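# Report on the structure
Spelled out, the chains give:
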Amino acid sequence: MEMHIAARQSGETSAVIETYSNDWTDSKGFTKESLRDGHLAFTTGATSEDVEINLDRAKLTKINDVVTYSPITIHTSKGTITYAYSLKKEVDGIWRIIVTKTLNWEPFPMTKGMKALKDNLDNTAMIVREHRESLLQDKFRPTYHFNTPEGYASPFDPNGAIFWKGKYHLFYIFQDTRSGEKSDHWGHVSSIDLLHWRHHRTHLLQGMYSGNCFINEEGVPTMCYHQVNLGNSLAIALDDNLDHWEKLSSNPITPHTEKGDKHHNKYRSWDPFGWYDGEFYYSIFGGERPAIAKSKKMEGPWKYVGDLFAHELEGVSINEDVSCAELFKLGNKDVLLCISHRLGCRYYVGEWKNDQFYPEYHSRMSWIDNMFFAPESLTDSSGRRIMWAWILDYRDFSDRAKDQWSGTLSLPRVLNLNKNGSLDIDVAAEVEKLRYQSFSLPPFVVQADSDARIDGTFGNSFELIIEFDVSDAQELGVKVCVSEDESEYTIISYDQNAELLKVDTTNSGPEKSPKSIESAPLVLSKGEKLILRVFVDKSVIEIFANSRQAIARRIFPEKTDSTGVKVFTKGSNVEVTKFKSWQIAPSNPY
């Protein structure tokens, strides 16, 4: 090795070559013949001044009859390369290099400062790469539902949705300690197809809680949000890409009241929804007794008008928590979409008039618990009202932390008002662009009290459309994510007697995974077929029934073969008049 290094430093190429065995090779498959053809040009210079060899960390290790000398770093005017040399004593008693392994390289010369910068860059890239690889191999991370790009986001409310200048913009809450203390910020993504989202720089920082985006009197997107430690507030967009925002110096918009005022200490400054009606600015102030505040100008003064609700509605308390509110027009009615923290996502249909909401109908969108949570919506250029919601993850924190992420939104849902005064609900048509590997069956009959395995459909990322002639069946439906031994499965069914759409996850995964039976009302008219549209996306399952009811649940199958699909019936034979399925391509980068 001393001879080899001395020859390199002196630039004596022939002497360098003599230190290699005739059987020599390197990491890239070169041989001794290639050395003679000029392969050494990178690591030898024209003069000794062109070559610097660093042996500061080099050590000898021996395994059997092979000795390795490493690491040896060679600096030339063309860059830097680090080798491990393996040597063996040949029959003539001389040690020669038999293998050269490349450990590191840089294609240009570096100062110590440049090397430190490059090392930091490489270390950061490795952390990011390892995290991405971890997410890609996570068997529960959805591939076409929008997820938090990293970390544990709780809350992960979608916020500030707006269709602006040809793009869908969506904001979401996440947390970090960039300011030295933990705080909520709004992440920002945009898309032209509701599926493939581009991340923007985070600009809405520090204490950003739930809110919405509306257009102000100047035609500029404006956020109405809750500012932690201050109260409900406004921020104005400074560019059409919605990357930069200015929080109003006049914040908060919380009306000032004093003792003796009929509104004093009556309402919370919480979870607002703001809008401009062409004459006045309004904001819903959320909470257990939601209020309306109003102002002629954004800067104020803001005054309480009074209670949001004009009257109580049978079946739901007027004091039921209203948070994450959205108020919008559908057809000839107004819809108030919101959550209560107890009930999850829900909505009212009624009329906005005289600065109050007059509810006529109320319905839940989450029934057994509050898993379907925190809605956000927008109207796009075609007039569609599109909503998302945060689908909660009920697993133990240790399981979520092990996966290094938590935070998933529902598929974009299109809302319409039907003739009965309730909402029709279906997935946005754009999801169909992700379909591939279609499969279909001609009509077939499932025998009473049995199930039929569908061999052509399987997996954990797919869409099903199944149409049933319900006849006299007591219960009918489909099982998905069925394991070979049938110990794991998720049941989607329609209970005809109870007129309920059900999702049963009691056998969806191991014992400690979340389990429930969620039931949503669904009334079929006489002779109406049951049409189920099912989306499975790793740990998320969403079901749309007859375009007017929907359920979303989380499932965590443990078995690798929990990929089967079965159709079943109880009580009588059932004809499946349509069966189609598609695999769904990932839209998330990871």
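Above this text is the structure in question.
A short tour of the structure in this document, coming up. Since we're looking at a predicted model, the values are computed, not measured.

Moving on to the side chain of Glu326. When you line up the elements, Glu326 lands in strand E20 (residues 323-330). With a relative accessible area of 1%, Glu326 lands in the buried category. Side-chain polar atoms of Glu326 contact the side chain of Arg385, separated by 3.4 Å. Aside from chain neighbours lying at most four places away, what touches Glu326 is Asn212, Phe273, Val335, Leu336, Leu337, Pro375, Glu376, Ser377 and Arg385.

This part covers the sheet that holds strand E33 (residues 475-482). With respect to topology, six strands assemble into an open sheet ordered E31-E40-E33-E34-E35-E36, the strand pairing being antiparallel. The open sheet has two edge strands, strand E31 (450-453) and strand E36 (517-521), and neither has a second partner. Ignoring which end each strand starts from, the neighbouring axes of this sheet average 15° apart. As paired elements, strand E35 (residues 500-504) and E36 share five bridges and run antiparallel to each other.

Between Asn251 and the following residue, Pro252, the backbone shows a cis peptide bond with an omega angle of 5°. Within the secondary structure, Pro252 is located in the loop between strand E15 (245-247) and strand E16 (273-276). Note the cis peptide between Gly300 and Pro301, where omega equals 5°. The residue Pro301 is located in the loop between strand E18 (291-295) and strand E19 (303-307) in this model. With a phi angle near 45°, Ala374 is a residue other than glycine that sits in the positive phi range.

Right, let's talk about the pairing of strand E39 (residues 549-554) for a bit. Counting buried positions over the six residues of E39 gives six, a clear majority of the element. In this sheet, E39 lies alongside strand E38 (residues 540-545) in antiparallel orientation, the contact comprising six bridges. Along E39, the bridge assignment pairs Phe544 with Ala550. Between E38 and E39, which follow one another and run antiparallel, lie three residues, and Asn546 among them has a positive phi close to 50°.

Whenever strands of a sheet pair, they do so through backbone hydrogen bonds, lying parallel or antiparallel. Overall, antiparallel pairing links the four strands, which are arranged E12-E13-E14-E15 in an open sheet. Each having just a single partner strand, strand E12 (208-215) and E15 make up the two edges of the open sheet. Taken over all neighbouring pairs, the strand axes of this sheet differ in orientation by 30° on average, direction set aside. Direction of pairing for E12 relative to strand E13 (residues 221-227): antiparallel, over a ladder of six bridges. Bridge pairing in E13 places Asn212 opposite Cys224.

Rules used in this analysis
- Residues numbered from 1 in each chain as written.
- Predicted model: local features only at pLDDT ≥ 70, side-chain atom pairs only at ≥ 80, totals over all residues.
- Heavy atoms only, no water.
- Helix = DSSP H or I, 4+ residues; strand = E, 2+ residues; numbered from the N terminus.
- Buried < 20%, exposed > 50% of the residue type's maximum accessible area, 1.4 Å probe, protein only.
- Polar contact = N/O pair within 3.5 Å; in protein donor to acceptor, adjacent residues only side chain to side chain.
- Contact = heavy atoms within 4.5 Å.
- Pairing = 2+ DSSP bridges.
- Axes fitted to C-alpha atoms, helices over the stretch in contact; angles between N-to-C directions.

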